[in-house]
Each structure stands twice: as structure tokens, then as C-alpha cells.
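# What the coordinates show
Residues per chain, in single letters:
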Amino acid sequence: MKAVRVLATVLAAVSIAAAGCGGGGRAAVAVPDSPAGKQLSWYMDAVNRTPVADKELKEHLSATFLKEIPPEEFNRLAKTLAGLKMTELTEVKPDALKGRASASGQEYKTEISVDDAGKIDYLLITG
């Protein structure tokens with residue numbers, strides 16, 4: 001079972017952004033139409049409309065993920081990433097993506113994977 005490390009890493013990324021470390025204004029890249037790509041697209045939309053309802057989170061996040069990051073915490077962290085867009089994909093697999101994303105002028109290393117049911121089981125966003 002994969003570890004869920006989104007909490008600490010997003011908090012670190014937000015701290016970096018708040019300190020004023022700038023990122024580039026690179027253009028967004030297309031996200032693949034794969035299980036991982038669909039969930040990444042959902043996440044990039046969800047950060048712009050927090051709070052996301054518990055029912056919707058359960059449709060997109062694995063039970064293991066939600067055990068580590070409850071809905072209240074997910075929404076609090078997601079809100080800090082409004083405007084998130086992928087700027088580079090460095091690894092593309094049907095069930096996992098790695099690359100770079102940006103939000104509010106800050107760049108982030110981004111990784112996402114989905115379980116056999118197609119739900120997010122791993123999400124890492126670091127500055």
C-alpha cells in the first residue's frame with residue numbers, strides 16, 4: 001500500500017510560496033485521458049471550488065487516502081492551490097503521472113497515482 005504524504009508536503013510548498021519564492025509562468029500542458037489523468041484533471045478543478053463535498057471526495061479519493069487526509073484537511077490544503085495547472089509531464093503511465101505544476105506563480109513537483117478502482121491513492125505536491 002502506498003504512503004500518502006500530501007499533508008506535510010503541501011504545507012511545505014505553501015510555506016515556500018508564502019515566502020515569495022517565485023516560479024515561472026510556463027504554459028499548461030494537456031493531461032492525458034487515462035485513469036490518473038482523469039483524477040488529476042478532477043483535482044485541478046477541485047482546488048478552485050473548495051470546499052468539496054465529502055460525497056464527491058469519496059468518489060475520487062481512496063479510503064486509505066481519506067483516512068490519512070480527512071475531508072476537512074483536504075479542503076484546507078486544496079484551497080491553497082487554486083489555479084493549479086500542469087506545466088510539464090515527466091512520467092506518464094495509465095495509473096500514475098509525475099511532472100511539474102504551477103499555481104500563483106509558484107512551481108511544484110507533482111505526483112499522482114490511482115488504485116485499481118481508479119481512485120487517488122497517492123498525491124504529492126512539493127515546492
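Cut-offs applied
Residues numbered from 1 in each chain as written. Predicted model: local features only at pLDDT ≥ 70, side-chain atom pairs only at ≥ 80, totals over all residues. Heavy atoms only, no water. Salt bridge = Lys/Arg side-chain N within 4 Å of Asp/Glu carboxyl O. Phe/Tyr/Trp six-rings, centres within 6.5 Å; stacked < 30°, edge-to-face > 60°. Helix = DSSP H or I, 4+ residues; strand = E, 2+ residues; numbered from the N terminus. Buried < 20%, exposed > 50% of the residue type's maximum accessible area, 1.4 Å probe, protein only. Core = buried A, V, L, I, M, F, W, Y, C linked by side-chain atoms within 4.5 Å. Contact = heavy atoms within 4.5 Å. Pairing = 2+ DSSP bridges. Axes fitted to C-alpha atoms, helices over the stretch in contact; angles between N-to-C directions.

### Things to note about the pattern of salt bridges
This model, assessed by the stated rule, comprises eight salt bridges. E91 is paired through a salt bridge with K98; the nearest N and O atoms lie 3.7 Å apart. A salt bridge links K109 to E111; its shortest N-O distance comes to 3.2 Å.

### Things to note about the packing of aromatic side chains
Under the counting rule described, the total for this entry stands at two aromatic pairs. Relative to F74, the ring of W42 lies with its centre 6.1 Å away and its plane at 20°, an arrangement referred to as stacked. One end of the pair, W42, is in helix α2 (residues 35-46); the other, F74, is in helix α5 (residues 71-79), with 32 residues separating them in the sequence. Relative to F74, the ring of Y43 lies with its centre 5.8 Å away and its plane at 75°, an arrangement referred to as edge-to-face. Remark: F74 occurs in helix α5 and Y43 occurs in helix α2; sequence separation between them is 31 residues. When its relative accessible area of 2% is taken as the criterion, Y43 is described as buried. Judged by relative accessible area, F74 falls into the buried class, the value being 4%.

### Observations concerning the nonpolar core
In summary, soluble globular proteins display a tendency toward joint burial of nonpolar side chains. Formed by 26 residues in total, the largest nonpolar core has its most connected members in W42, Y43, L61, F74 and L84. Secondary-structure elements contributing two or more residues to this core are α2, α4 (63-68), α5, β2 (96-103), β3 (106-114) and β4 (120-126). Here this core takes six residues from α2, the largest share from any one element. Beyond its immediate chain neighbours, meaning those up to four positions away, Y43 contacts F74, A78, L81, L84, L123 and I125.

### Observations regarding the sheet that holds β2
One open sheet holds the four strands; their spatial order is β1-β2-β3-β4, and the pairing between them is antiparallel. Looking along the sheet, the strands with just one partner apiece sit at the ends: β1 (85-93) and β4. Strand after strand, the sheet turns through a mean of 20° between neighbouring axes, direction not considered. The sheet contact formed by β3 and β4 spans six bridges and is antiparallel. Paired with E111 across the strands is L124, a residue of β4. Docked against the sheet, α2 engages β1, β2, β3 and β4, running at close to 135° with respect to β3.

### Focus on the environment of G127
Here G127 is to be found in the segment after β4. Classification of G127 by relative accessible area gives partly exposed; the value is 48%. As a C-alpha pair, G127 and S102 span 25 residues in sequence and 9.4 Å in three-dimensional space.

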